[in-house]
Amino acid sequence: DAGITQSPRHKVTETGTPVTLRCHQTENHRYMYWYRQDPGHGLRLIHYSYGVKDTDKGEVSDGYSVSRSKTEDFLLTLESATSSQTSVYFCAISESETGQRLFGSGTQLSVL
Amino acid sequence: GENVGLHLPTLSVQEGDNSIINCAYSNSASDYFIWYKQESGKGPQFIIDIRSNMDKRQGQRVTVLLNKTVKHLSLQIAATQPGDSAVYFCAENMTEGGGADGLTFGKGTHLIIQP
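Being a predicted model, the structure only gives us computed values, none of them experimental. The residue numbering used here restarts from 1 in each chain and proceeds along that chain's sequence as written. Lettering for chains starts from A, numbering for ligands starts from 1, and both go in the order in which the items are written. Totals for whole chains, interfaces and linings use every residue, but because this is a predicted model, local features are given only for residues with pLDDT of at least 70 and side-chain atom pairs only at 80 or more, for both listing and counting. Water and hydrogen atoms play no part in the side-chain values, which are based on all heavy atoms of the structure.

### Some details on the interface of chain A and chain B
When the parts of a complex come together, some accessible area is lost, and that lost area is often taken as the interface size. Taken together, the contact between chain A and chain B spans 20 residues of the former and 21 residues of the latter. Buried surface at the junction of chain A and chain B, both sides included, amounts to about 1,500 Å², of which 57% is carbon and sulfur. A carboxyl oxygen of Asp or Glu within 4 Å of a side-chain nitrogen of Lys or Arg is what we treat as a salt bridge. Between the two partners, chain A and chain B, sit zero salt bridges. Polar contact is the term for a pair of N or O atoms within 3.5 Å; when the atoms are in protein, one must be able to donate a hydrogen and the other to accept it, and sequence-neighboring residues count only if both atoms are side-chain atoms. Put simply, chain A and chain B have two residue pairs in polar contact (both at pLDDT 80 or more) between them. For the side of chain A that touches chain B, the secondary-structure elements that each account for two or more residues are β4 (31-37) and β5 (44-51) of chain A. The leading source of residues in the side of chain A that touches chain B is β4(A), at four residues. Residues are grouped as follows: Ala, Val, Leu, Ile, Met, Phe, Trp, Tyr, Cys and Pro are nonpolar; Asp, Glu, Lys and Arg are charged; every other residue, Gly included, is polar. In terms of residue class, the side of chain A that touches chain B is built from eight nonpolar, nine polar and three charged. What makes two residues a contact is simply this: any of their non-hydrogen atoms within 4.5 Å. By buried area we mean the combined loss of accessible area, with a 1.4 Å probe, across both parts when two parts are placed together. Comment: elements are numbered from the N terminus, with helices defined as DSSP H or I runs of at least four residues and strands as E runs of at least two.

Quick look at the structure:
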């Protein structure tokens, strides 16, 4: 998707290993988000950021941490991956806190 | 808590027909609604949005209707095409007090286009 890039697109890892997913935007939007998408659930918010070094927890934040050292980059880290964290992860950005989100293409993460 | 939901998980329509995808919401304080389209293997894509001071909003081949009385939202797609095959889901938020974490997503309806 134009303006927002996620990496990697696919990742397979083992239980207990650390994993970092990267989101990069070129839109200079203030707000950035990490969601996970699982069958039977809508998109669920993990963490979000409302500025450089300003982050907050979402609905399903346990087991995840984030960092935002630059406006354009938002990192999601699984300190010790578990099988329950197998999911598709989407990064999103927005200009306002309550406005529509622009989503990245997603990262398929498999934890074996 | 109050959630956004969808009536049907799968909707099958003939190519060329109109499609109607429904969404129910229960938070009467929500005043901003968004429809997204998600094709297989891709991220959700914004289609159209509507604020609660409107009953109807039209885009290119799409129309969103909002009925605040019964807390119902629908997406109408005119002259459905094969490229419309995707999962469609709605989202709601409150522009005052909703916060960055206040956007709630429904689970989605899979629209299947029959040739």
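### Comments concerning the state of the cysteines
In plain terms, two cysteine sulfur atoms within 2.5 Å form what is called a disulfide here. The final tally for this structure, using the stated rule, is two disulfides over all chains. In this model, C23(A) is linked to C91(A) through a disulfide, with the two sulfur atoms separated by 1.9 Å. Handedness of the C23(A)-C91(A) disulfide follows from its S-S torsion of about -75 degrees: it is left-handed. Taken together, the residues span a long stretch of sequence, with C23(A) in strand β3 (residues 19-25) and C91(A) in strand β9 (residues 87-94) at a distance of 68 residues. A single burial state applies to C23(A) and to C91(A), both of which are buried. The side chain of C23(B) participates in a disulfide bridge whose partner is C90(B); the two sulfur atoms lie 1.8 Å from each other. Handedness here is read from the sign of the S-S torsion; for C23(B) and C90(B), about 55 degrees, the answer is right-handed. Highlighted residues: C23(B) in strand β3 (residues 19-25) and C90(B) in strand β9 (residues 86-93), separated in sequence by 67 residues. C90(B) carries the same exposure label as C23(B), and that label is buried. Each residue's exposure class comes from its accessible area (1.4 Å probe, protein chains only) as a fraction of the maximum for that residue type: buried when under 20%, exposed when over 50%, partly exposed otherwise.

### Details of the pattern of salt bridges
If the charged atoms of two oppositely charged side chains come close together, the side chains can form a pair. Residues and elements named next belong to chain A. One pass over the full model with this rule turns up eight salt bridges over all chains. As a salt-bridge pair, D38 and R44 come within 2.9 Å of each other at their nearest N and O atoms. Comparing D38 with R44 shows no difference in burial state: the two are buried. Across the pair K70 and D73 runs a salt bridge, and its minimum N-O distance is 3.3 Å. The class of D73 is buried, set by a relative accessible area of 8%. Bridged by salt links that share partners, the residues R22, K70 and D73 form one connected network.

### Here we look at the packing of aromatic side chains
Two rings from Phe, Tyr or Trp (for Trp, the six-membered ring) form a pair when their centres sit within 6.5 Å of each other. Planes less than 30 degrees apart are called stacked, planes more than 60 degrees apart edge-to-face, and all others tilted. Scanning all chains against the criterion turns up 13 aromatic pairs over all chains. With centroids separated by 4.6 Å and ring planes inclined at 50 degrees, the aromatic side chains of Y25(B) and F33(B) adopt a geometry described as tilted. For the pair shown, Y25(B) and F33(B) are each scored as buried. Of the aromatic side chains, those joined through ring pairs into one cluster are Y33(A), Y35(A), Y48(A), Y50(A), F90(A), F103(A), Y36(B), F89(B) and F105(B).

### Let's talk about the nonpolar core
In these notes, a set of buried Ala, Val, Leu, Ile, Met, Phe, Trp, Tyr and Cys residues joined through side-chain atoms within 4.5 Å is what counts as a nonpolar core. Ranked by size, the top nonpolar core spans 20 residues in total, and within it I21(B), W35(B), L73(B), L75(B), I77(B), Y88(B) and L111(B) carry the most contacts. Among the elements of the structure, β2 (10-14), β3, β4 (32-38), β5 (45-51), β7 (62-67), β8 (72-77), β9 and β11 (109-114) of chain B are those that each provide at least two residues to this core. What L75(B) contacts, discounting residues up to four positions off in sequence, is S19(B), I20(B), I21(B), W35(B), I47(B), I48(B), V62(B), T63(B) and Y88(B). The next biggest cluster of nonpolar side chains, apart from the first, holds 19 residues, and it includes I4(A), V66(A), L78(A) and C91(A).

### Focus: the pairing of β5(A)
All names here are of chain A. With seven of eight residues buried, β5 is to be regarded as a mostly interior element. For two strands to pair, DSSP has to find at least two bridges joining them. Hairpin connection of β4 to β5: six residues between the antiparallel strands, including G40 at a positive phi of 85 degrees. Judged from the four bridges that link them, β5 and strand β6 (residues 54-57) form a sheet pairing that is antiparallel. Note that in β6 the partner of S49 across the bridge is T55. Here β5 folds back onto β6, and the loop between the two strands holds two residues, one of which, K53, carries a positive phi near 65 degrees.

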